[in-house]
Amino acid sequence: MGRPIELLILDDESLVGQRLKPALEKEGYRVEAFTEPREALARLEEKDFDIVVTDIRMEDLDGMEVLSRIRQKSPQTKVIMITGYATLELAHESLNKGAFDFIAKPFRIGTMRDTILKAAKALQDEKGPQG
Amino acid sequence: MMARSPKTLCPKTPNKSLDLSPEGLVPEIKVSETIVIQSFKNNVISALIPGFIHQINNPINNIILTLDTLMEDNMTLTPEERSQLFQEALGQANRAVDLIKTFDDFYRDTPSPENGQYIEALVDKAIRLLNHELKKQHVKIIKEISGTLPSIGPEKTVLWQVLVNLMLNSIQAMPNGGQIKISLYQLNKELRMDISDNGTGISPVYLKRIFEPYFSTKESKIGLGLPMSLGILKKIGGWLKVKSSEGRGATFSLGIPLEEKIAKI
């Protein structure tokens, strides 16, 4: 890819975005972090991101709903789901609905970095050598 | 939807018993008070465990991410930035401690005196304990307090456990979200509380049997929550009633005396 990978992070726990954003920017990603699902959705309507990282359980809107909207509008976007209570059912459900991967809290910055790197490689592979 | 068949409980201390039945409606069941209260709390706690794990994982995750930042950026952080990150990690650790304390208080027989004396504090504590369930089911809480409410004696803080159970029932009756209105007021020498939801409501057939031990409309539930709530309230001289029409929500109303009128058991 000739341009930086565009990433959106959505978690109503503000510290998640605050910690991940600088860590990922150091890797060369362009990152926007949101705590309000509706604001994130409005931004996703305006712009197609390469990778979206979203919490599943949020007060106003479910992360699954965010996933469905992204799949409809921008199917090429890789979506990584995060949750505070991991169940096998939830993991299956998110993967069946088209999520790229699923990460359970608590996680390390390194784990998220590796998963994002995998998503970025998958994007590159899909675009081919010219992408 | 099915009612479970009555089962027999063997009280460990048959001389100390708690009457769970509203007079004239259902057969009397007497079991050990300790077993009843503990089983009641166990039922509520088991329903809250997934939510507790979810809630506690958030501050723990924040601590881990903050410590990762401190380690990864150790060489480039200014002393001020480093101090800020330590403060944030400490704040998240305190948040985890508060969550554990809320659950621990619910599980213990004697609630903490500092937050057990005021009814409004008990309501807030119940909301905190159910925070995850409220969020997950998209249920909003409306609190309506009329006038200045008196403090209640420490023996009446068991009301908190009843309140948690009633709110949990309301949340479970609203699979597609909704609202719970908690109204608190004093009438004569009673503290009154109405807990109204706009959930699925209760059919007249079930409404007649709702305080019956082991009666449940949910396969996954034992059916002791409401009879136990009634038993606990009766023990402190109170009462519990329900009004509902199918599809139009339910209102549980309770009253507890503000003067000493504790039932002897």
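Computed from a prediction, not measured in an experiment: that's the story for all the values here.

Participant: Explain the overall build of chain A to me, using residue names and the numbers behind them.
Facilitator: Along its length, chain A carries five helices and five strands. When the helices and strands of chain A are placed in sequence order, the string is β-α-β-α-β-α-β-α-β-α. Taking 131 residues into account, the globule formula puts the C-alpha radius of gyration at 14 Å, and chain A, at 14 Å, falls close to it. Taken along the three principal axes of its C-alpha coordinates, chain A extends 40 × 30 × 30 Å. For chain A, buried positions account for 50% of its 131 residues. Mean positive and mean negative side-chain charge positions of chain A (20 and 24 charges, respectively) differ by 5 Å.

Participant: Tell me about the side chain of D55 of chain A, residues and numbers included.
Facilitator: All names here are of chain A. Residue placement: D55 occurs in strand 3 (residues 51–55). Classification of D55 by relative accessible area gives buried; the value is 1%. Once you skip the residues sitting within four places of it in the chain, D55 turns out to touch L10, D11, D12, G63, I82, T83 and K105.

Participant: Describe the sheet that holds strand 5 (residues 190–197) of chain B, naming the residues involved and giving the relevant values.
Facilitator: Strand pairs in the sheet, formed through backbone hydrogen bonds, run parallel or antiparallel to each other. Residue and element names in this part refer to chain B. As summarised here, the arrangement of the five strands in space is 3-4-5-7-6, forming an open sheet in which the pairing is mixed. A single partner strand is all that each edge strand has here, and the edge strands are strand 3 (139–145) and strand 6 (239–244). For this sheet, the mean inter-axis angle between neighbouring strands, taken without regard to orientation, is 15°. Judged from the six bridges that link them, strand 6 and strand 7 (residues 250–257) form a sheet pairing that is antiparallel. Across the sheet, residue V242 finds its bridge partner in strand 7, namely F252. The strands that helix 3 (residues 119–129) touches are strand 3, strand 4 (178–187) and strand 5; relative to strand 3, the one it contacts most, it runs at about 180°. Against the sheet, helix 7 (residues 225–235) contacts strand 6 and strand 7, and its axis sits at roughly 140° relative to strand 6.

Rules used throughout
- Residues numbered from 1 in each chain as written.
- Chains lettered and ligands numbered in written order.
- Predicted model: local features only at pLDDT ≥ 70, side-chain atom pairs only at ≥ 80, totals over all residues.
- Heavy atoms only, no water.
- Helix = DSSP H or I, 4+ residues; strand = E, 2+ residues; numbered from the N terminus.
- Rg over C-alpha atoms; globule rule 2.2 N^0.38 Å.
- Buried < 20%, exposed > 50% of the residue type's maximum accessible area, 1.4 Å probe, protein only.
- Lys, Arg positive; Asp, Glu negative; His and termini not counted.
- Charge placed at Lys NZ, Arg CZ, Asp CG, Glu CD.
- Contact = heavy atoms within 4.5 Å.
- Pairing = 2+ DSSP bridges.
- Axes fitted to C-alpha atoms, helices over the stretch in contact; angles between N-to-C directions.

Worth remembering: the numbers are spatial, not functional.
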